[in-house]
Structure formats: C-alpha cells, structure tokens
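Structural characterization, general
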Amino acid sequence: MTAATPTRRRDGASWGPFALRRLGGLAGTVVIAVVLTFVIVPLIPGDPAVSAAGPDATTEQIERIRAQLGLDRPLTEQFLAYLGGLLRGDLGHSFSLNAPVAEVVLRRLPFTAALSVLALIVVLLVAVPLGMAVGALTRGGRRRRLDTAFSHGTAFVAAIPPYVMATLLVLVFAVSLQLLPPAYTRSNPGASILLPALALSLPSICLISRVVRRETAVVLEQDFVRTARGWRLGTARTALGYVLPNLLTSTLTLSGIVLVGMLGGAISVETVFGWPGLGLGVVNAVATKDYPLIQGIVLVLAVLSALMTTAVDVVLGAVDPRVRGDDHG
C-alpha cells in the first residue's frame with residue numbers, strides 16, 4: 001500500500017509538465033502558421049489587387065481595391081490588422097466567391113473531415129489486423145515467400161502518389177467496372193466518398209501494416225507471449241490481450257503522422273474526384289489568385305494538423321506513461 005502510493009502520485013503529477021510541453025508546442029506551431037500564412041501574399045508573384053480587380057480594371061479601381069485590402073499600408077500594420085482579424089474570427093473576404101473566408105471554410109471543412117476520418121478508420125481496421133496476421137505467419141523465418149511478397153507489394157503501393165492512386169482507382173472502378181461514381185455527386189455522396197477514401201487509405205495501409213508486422217514479430221518472441229501460448233490461451237486471446245497492447249504506442253504514433261499526411265494528400269485526391277473539401281478549395285483559390293482564401297484555408301489546415309498531433313500525443317500519454325516522462329511506467 002505505502003510503496004504504491006508515491007508511484008501513483010508521480011504518475012498523476014507527470015501530466016502537468018506533459019500538458020505544458022504539448023500546449024507550448026501547439027501554441028508555437030499556431031504562431032508559426034499565422035506568420036507563414038501572412039507572408040504568403042507578399043511572397044506570391046503578382047499583385048493581389050490586380051487579381052481581385054480583374055483584367056479589365058482601371059488604375060483607379062486597382063488602387064481602391066488595394067486600399068480596401070490594406071495593401072497600401074506598411075507591412076507591420078498589415079500584420080497587426082491580420083492578427084486582429086484572426087482574434088475576432090475574421091479570416092478575410094474571398095473576392096472570387098464574394099463571401100467571408102470563414103464561411104467558405106466552414107462549408108468545406110466537414111467534407112475534408114469526413115474523408116480523412118473515414119480513410120483513417122479504414123487504415124486502422126485493415127492495416128493492424130493485416131500486419132499482425134502476416135507477422136504471426138512469418139515469425140521465426142517461416143513462410144519466406146509470403147514475407148517477401150508482402151514486403152515488396154506494400155513498399156510498391158506505399159510509394160504511389162495519392163493523385164496517381166486516385167487516377168488508377170477511377171480507371172478501374174468507375175470507367176472499367178462502372179461500380180462507383182468517378183466524381184462527387186450531390187445525389188449520392190455516400191458512394192462518392194468511397195473512391196477518395198480508398199485513394200487516401202491504400203498507401204497508409206501499406207505503411208502501417210509494415211510497421212505492425214515488424215513489431216508483431218518482435219513481440220511474439222518475448223517471454224510473456226511464449227508463456228501465454230504455453231497456457232494455451234488461444235490465438236485470438238493471446239493476440240488481443242498480449243500482442244495488440246504492445247503495438248499501440250508505435251501504431252498510434254504512426255497513425256497520427258499518417259492522419260496529418262492525409263490532410264496534405266487530400267488536396268490532390270479531392271481535386272481528382274471533385275470532392276468539395278478544403279483541398280479542392282485551396283486549388284481553386286490558387287487558380288483564381290484569391291489570396292485571402294488561400295491564407296484562410298492554409299491556416300486552418302495547419303491548425304488542424306497541430307491539433308491532431310497534440311491529440312495523438314495526449315492519447316499516447318494515457319496509453320503509455322513513458323511518453324509523459326514516467327520512467328517507472
């Protein structure tokens with residue numbers, strides 16, 4: 001009783017410094033994202049005022065729009081105005097859509113969130129069991145042909161860029177087999193999301209399953225797993241009760257990285273399938289040189305990535321106390 005009490009106190013106390021470190025990292029990432037999105041406009045070639053006014057605008061109209069955008073003021077004043085708008089929840093005004101940027105982002109965000117979450121669910125449901133199964137079947141040098149085929153096959157698929165994977169899936173399932181729609185349709189969004197989610201998830205499935213296979217092979221050689229097998233607990237019970245918990249830390253860490261990468265991959269995938277999310281929105285904004293919309297979408301994607309990374313760190317801290325700095329965990 002008395003020996004266990006200090007351990008519990010140290011375990012609970014470790015959450016304080018851990019939370020401060022993660023919040024500090026999150027705040028730093030957000031600050032960097034705000035600064036980088038602000039300098040997008042000065043660094044992009046061309047005049048935003050000319051793009052906003054259109055090709056037939058007069059010099060007076062261009063100067064008036066430049067004043068409206070605040071581009072005639074010193075850079076420091078522009079940044080303070082940009083920061084003040086962000087603190088009020090004002091991301092600017094999209095001149096290509098003639099709507100507030102925040103409204104455009106809120107309209108497109110659910111599509112990107114649904115696509116990314118569905119793809120991650122597919123990845124975890126397929127990659128973890130697949131990696132564990134192959135790791136169990138090939139442990140100790142068994143079934144070398146299966147091991148070689150799995151390693152080469154997953155490496156090849158994982159190397160395919162998302163937009164190439166999306167194009168191949170369209171050719172197979174939409175053009176050749178005609179099983180799924182090749183692009184987003186309002187009448188059937190459920191079927192429309194399947195191919196984009198598959199295009200996002202396939203490379204990640206291969207990547208995570210390779211890590212899970214390797215970790216499974218290591219865990220299966222541990223003494224506690226051999227003891228469990230000696231107790232004749234059964235394959236399923238051994239896998240769920242002894243192998244899977246020891247894979248969680250590495251799997252969750254990699255899954256967080258994969259989810260953040262999916263946000264980047266969503267830009268090309270959404271463009272191929274016409275999926276009306278943030279990825280397609282930023283591509284359209286670049287095409288129309290809508291700088292306020294580019295700033296808003298890029299900033300939201302950066303903040304979402306930082307939040308997801310922090311959330312994964314918190315989950316890892318709960319699953320594995322060593323992540324919080326507990327040497328005794």
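The text that follows walks through the structure, step by step, so that each part is easy to find. Since the structure is predicted, the reported quantities are computational estimates derived from the model, not experimental observations.

The next point concerns the side chain of D290. Residue placement: D290 occurs in the loop between α15 (278–287) and α16 (291–319). The charged side chain of D290 is buried without a salt bridge, its nearest counter-charge being R108 at 9.8 Å. Separated by 2.4 Å, the side chains of D290 and S94 make a polar contact. In contact with D290, not counting residues within four places along its chain, are S94, F95, S96, L97 and A285.

The next point concerns unusual backbone geometry. Phi angles above zero are rare outside glycine, and Q178 is one such case at about 55°. Relative to the assigned elements, Q178 resides in the loop between α9 (162–176) and α10 (189–192). Taking relative accessible area as the criterion, Q178 reaches 63% and is therefore assigned exposed. Notably, K289 is not glycine yet its phi reads approximately 55°, a positive angle.

Space inside the largest pocket adds up to approximately 630 Å³. Along the wall of the largest pocket there are 24 residues; nearest its centre are Q68, L69, G70, G92 and P292. Here the element with the most residues in the lining of the largest pocket is helix α6 (residues 75–87); it accounts for four residues. Looking at the lining of the largest pocket residue by residue, the class counts come to 14 nonpolar, seven polar and three charged.

Conventions we followed
- Residues numbered from 1 in each chain as written.
- Predicted model: local features only at pLDDT ≥ 70, side-chain atom pairs only at ≥ 80, totals over all residues.
- Heavy atoms only, no water.
- Helix = DSSP H or I, 4+ residues; strand = E, 2+ residues; numbered from the N terminus.
- Buried < 20%, exposed > 50% of the residue type's maximum accessible area, 1.4 Å probe, protein only.
- Lys, Arg positive; Asp, Glu negative; His and termini not counted.
- Salt bridge = Lys/Arg side-chain N within 4 Å of Asp/Glu carboxyl O.
- Polar contact = N/O pair within 3.5 Å; in protein donor to acceptor, adjacent residues only side chain to side chain.
- Contact = heavy atoms within 4.5 Å.
- 1 Å grid on protein atoms, 1.4 Å probe; cavity = no way out; pocket = protein on both sides within 12 Å on 5 of 7 lines; lining within 4 Å.
- Points joined across faces, edges and corners; volume = space filled by probe spheres on them.
- Nonpolar A, V, L, I, M, F, W, Y, C, P; charged D, E, K, R; others polar.

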